[in-house]
There are 2 protein chains.
Amino acid sequence: MRQEIGRSADGEAAPVTEPPKSVLARGLLLLDAFGAADTELTLAELARRTGLPKPTAHRLLAELVRWGGLERTSGGYRLGMRLFILGQRVPRPRGLREAALPYLEDLYEATHENVHLAVLDGVDTLFLEKVSGRRSMPIVSRVGGRLPAYCTATGKVFLALGPPENLRQVLSAGLPRHTPHTITMPGLLRRELERTLERGYGINQEESETGVSAVAAPIFDHRRRVLAAISITGHACRLDLGRLAPAVRTAALAVSRELSQATANGTLVLSDRP
Amino acid sequence: MRQEIGRSADGEAAPVTEPPKSVLARGLLLLDAFGAADTELTLAELARRTGLPKPTAHRLLAELVRWGGLERTSGGYRLGMRLFILGQRVPRPRGLREAALPYLEDLYEATHENVHLAVLDGVDTLFLEKVSGRRSMPIVSRVGGRLPAYCTATGKVFLALGPPENLRQVLSAGLPRHTPHTITMPGLLRRELERTLERGYGINQEESETGVSAVAAPIFDHRRRVLAAISITGHACRLDLGRLAPAVRTAALAVSRELSQATANGTLVLSDRP
């Protein structure tokens, strides 16, 4: 577990009481201080969020700017291009995204709804890719963004089809309500997951955000382990989940087939387990 | 300038003689050791590439794994999910990609060729986004990947329409030949850039890779500074550059319009100059 900056599930930063001793860990903590909603942070705010003395923070920030992971702005600092470039090299999302992207494109072209590729990250579903156009419903999801697994279509796919440990983690984290439709009772969630397992696809009916529904299907590796999921997300009042489910499943199966050869012969290692 | 690891323009790593003193800089050097083509690196290779003693490298690698920027593998280490997540938060590429993506999608749908979004990074064009499907020509470009500016359509847009300093940097870096069509004479490059300026779009006719051609158009901010470029890339024998140029220009103008309001009122800061 990495040093937490007192971060909630959506990545928002909060002050810590005791910064790490290691200079490297302190530098990395400064990077972590940039939450999902932050564009620019001042020296003062960075010092506050990390608990580092200002002169220390200033010195380390200068090193991070020299490296390219941060950039100076008129008001302070922002994350820099070097991080973006390195981030694109991370093999697990890169392999999945490259294999899936043509199929995500095709699914978008066939439906003109928002199409997502997601993986499980802890108790959240994490978006690796998003394909949408001006004809899809505008939604706030971001590549690299996350939502709780228990109230999303992709998340339910992971919980229903993955190892039981995932569900255990989610249940111990709790099931807070997001909308009138959110499933907050463990027993009801288990039943929903059984249905997901039977159907082979997951559904979210306004459970994470009012007015938004989604349907998702699993991407498997050659050993039938769930690697990722594809989903379609759109207006709850308009989205015909039953009609779209076969399309999502077809796309997910195609990606699975594409990946299975590469994962079977070891050229592509996509599981988060070594 | 950040500490270089003895890196060529395509990001490939080479051994250095003298590692930095700072512990933070040493940790960041270990991240930089992962070149564009590396999936997994052993401790020995990481020590070699960074010039760090093995025990030192091992200790710092453990911190990076705890942070999540690296992951352990059976054979060594690979870049980790934390870097991918942070990379998605880098504001400049994020703002550009989010604004441009629907138009890139539309351009792909209209042409079924590879569509790229790129920015200038030093003397290279750097790909921020790529939209392609199974009907487009398979090409090796990667999001986060780079090619030299002088022999690419997007690069020529940057050199022709941006500040003269960019061209000066490119000319002093030299113009090595990539294909029989690569422009390697400064005078010829200047003439080509004049044509690019007149036309309002850039062209690459098998100059970076045999068999591959491209056409690109600029994305401007509210002050007519070139922020990025959109390109279409495909088979040289099949791509009708003249016919596609208006489509690319239209898409680029649409993105410019979308961005100009946000950049004018300061809600979006996309220039690399403060």
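Residues numbered from 1 in each chain as written. Chains lettered and ligands numbered in written order. Predicted model: local features only at pLDDT ≥ 70, side-chain atom pairs only at ≥ 80, totals over all residues. Heavy atoms only, no water.

## Notes on the sheet that holds strand E6 (residues 202-205) of chain B
Residue and element names in this part refer to chain B.
And step 1. Read from one edge to the other, the open sheet built from six strands follows the order E5-E4-E3-E8-E7-E6, with strand pairing classed as antiparallel. If you trace the sheet from one side to the other, it starts and ends with strand E5 (146-148) and E6, each paired once. This sheet shows a mean twist of 30° between the axes of neighbouring strands, independent of strand direction.
And step 2. Relative to strand E4 (residues 124-131), strand E3 (residues 114-121) is paired through seven bridges, and the arrangement is antiparallel. When the sheet's bridge partners are listed, Asp121 is paired in E4 with Asp124. (Pairing = 2+ DSSP bridges. Helix = DSSP H or I, 4+ residues; strand = E, 2+ residues; numbered from the N terminus. Axes fitted to C-alpha atoms, helices over the stretch in contact; angles between N-to-C directions.)

## As for the nonpolar core
Most often, soluble globular proteins have nonpolar side chains that are buried together.
And step 1. A:Leu31, A:Ile230, B:Leu31 and B:Ile230 are the most contacted members of the largest nonpolar core, which has 114 residues in total.
And step 2. Each residue touching B:Leu31, except ones within four places of it in the same chain, is listed here: A:Trp67, A:Leu86, B:Leu64, B:Trp67, B:Gly69, B:Leu70, B:Leu79 and B:Leu83. (Core = buried A, V, L, I, M, F, W, Y, C linked by side-chain atoms within 4.5 Å. Buried < 20%, exposed > 50% of the residue type's maximum accessible area, 1.4 Å probe, protein only. Contact = heavy atoms within 4.5 Å.)

## Re the interface of chain B and chain A
And step 1. If you look at the interface, chain B gives 68 residues, while chain A gives 68 residues.
And step 2. Buried area between chain B and chain A, summed over both chains or domains, comes out near 6,100 Å², and the portion from carbon and sulfur atoms is 57%.
And step 3. On the chain B side of the contact with chain A, B:Leu24, B:Phe84 and B:Arg89 bury the most area, a combined 12% of that side's loss.
And step 4. For the pair chain B and chain A, the number of links is four salt bridges. (Buried area = accessible area lost by both parts, 1.4 Å probe. Salt bridge = Lys/Arg side-chain N within 4 Å of Asp/Glu carboxyl O.)

## Some details on the domain arrangement of chain A
And step 1. The domain boundaries assigned to chain A delineate domain 1 (6-86) and domain 2 (90-264).
And step 2. Here the C-alpha centroids of domain 1 of chain A and domain 2 of chain A sit 31 Å apart. (Domains from an automatic or database assignment.)

## Focus on the side chain of B:Thr182
Residue and element names in this part refer to chain B.
And step 1. Mapped onto the elements, Thr182 comes out in the loop between helix H7 (164-173) and helix H8 (186-199).
And step 2. Using a relative accessible area of 5% as the deciding quantity, one classes Thr182 as buried.
And step 3. A polar side-chain atom of Thr182 sits 2.8 Å from the main-chain amide nitrogen of Thr179.
And step 4. Here the side chain of Thr182 touches Glu207 through a polar contact of 2.7 Å, landing on its backbone oxygen.
And step 5. For Thr182, the residues in contact, after removing those within four places along its chain, are Tyr150, Cys151, Pro176, Arg177 and Glu207. (Polar contact = N/O pair within 3.5 Å; in protein donor to acceptor, adjacent residues only side chain to side chain.)

## Brief notes about the relation of the copies chain B and chain A
And step 1. Between chain B and chain A, which share one sequence, the superposing operator has a rotation angle of 180° and an axial displacement of 0.0 Å; the RMSD is 0.0 Å. The superposition of one copy onto the other is thereby described by a two-fold rotation axis.
And step 2. Interface overlap between copies is the fraction of interface residues in one copy that are interface residues in the other; for chain B against chain A it reaches 100%, indicating a shared surface. (Least-squares fit on C-alpha atoms with pLDDT ≥ 70 in both.)

## Thoughts on the pairing of strand E6 (residues 202-205) of chain A
All names here are of chain A.
And step 1. By the bridge criterion, four bridges tie E6 to strand E7 (residues 212-220) in an arrangement that is antiparallel. Counterpart to Gln205 in the pairing with E7 is Ser213.
And step 2. Between E6 and E7, which pair antiparallel in sequence order, lie six residues; one of them, Glu206, sits at a positive phi of approximately 55°.

## Quick look at the packing of aromatic side chains
And step 1. Within this structure, the stated rule accounts for zero aromatic pairs over all chains.
And step 2. Its guanidinium or amino end placed over the ring of B:Tyr77, B:Arg72 lies 4.5 Å from that ring's centre, counting from NZ or CZ. (Phe/Tyr/Trp six-rings, centres within 6.5 Å; stacked < 30°, edge-to-face > 60°. Lys NZ or Arg CZ within 6 Å of the ring centre and 35° of its normal.)

## Thoughts on the packing of helix H6 (residues 153-161) of chain A against helix H8 (residues 186-199) of chain A
All names here are of chain A.
And step 1. Where H6 meets H8, the axes come as close as 9 Å, and the angle between the chain directions of the two elements is 85°. What the angle tells us is that H6 and H8 run roughly perpendicular. Along its contact with H6, which presents Lys156, Val157, Leu159, Ala160 and Leu161, the element H8 presents Glu192, Leu193, Thr196 and Leu197. (Parallel < 35°, antiparallel > 145°, perpendicular 65-115°, else oblique.)

## Things to note about helix H9 (residues 241-264) of chain B
All names here are of chain B.
And step 1. For H9, spanning 24 residues, the distance from its first C-alpha to its last is 33 Å, which sits close to the expected 34 Å at 1.5 Å a residue.
And step 2. Where H9 bends most, at Glu258, the angle is about 25°.
And step 3. Of all the residues in H9, the buried ones are Leu241, Leu244, Ala245, Val248, Ala251, Ala252, Ala254, Val255, Ser256, Leu259, Ala262 and Thr263.
And step 4. Of the surrounding elements, those touching the buried residues of H9 are helix H5 (91-111), E6, strand E7 (212-220) and strand E8 (226-235). (Expected span 1.5 Å × (residues − 1). Bend = angle between axes of the 7 residues up to and from the residue.)

## Quick look at the sheet that holds strand E8 (residues 226-235) of chain A
And step 1. Taken together, the six strands give an open sheet; going across it, the order is E5-E4-E3-E8-E7-E6 (chain A), and neighbouring strands pair in antiparallel fashion. Two strands in the sheet have a free side with no partner beyond their single neighbour: strand E5 (146-148) and E6 of chain A. On average, each strand axis in the sheet is inclined to that of its neighbour by 30°, with strand direction left out of account.
And step 2. Sitting on the sheet, helix H4 (residues 81-89) of chain B touches strand E3 (114-121), strand E4 (124-131) and E5 of chain A, and the angle it makes with E4(A) is about 55°.

## Examining the confidence of the model for chain A
Residues and elements named next belong to chain A.
And step 1. This prediction gives chain A a mean pLDDT of 88; 90% of its residues lie at or above 70.
And step 2. Every residue in residues 7-12 scores below 50 in pLDDT, and together they form 18 contacts with partners more than four places removed in sequence or on other chains.
And step 3. Both scores are given for the predicted complex: the pTM is 0.78, the ipTM 0.79. (pLDDT = per-residue confidence, 0-100.)

## Observations concerning the state of the cysteines
And step 1. Tallied over the entire structure, the rule returns zero disulfides over all chains.
And step 2. Unpaired in this structure, A:Cys151 has its nearest cysteine sulfur neighbour in A:Cys237, at a distance of 20 Å. (Disulfide = S-S within 2.5 Å.)

## Examining the environment of B:Ala262
And step 1. Secondary-structure assignment places B:Ala262 in helix H9.
And step 2. As for B:Ala262 and B:His222, which are separated by 40 residues in sequence, their C-alpha atoms are 8.6 Å apart.

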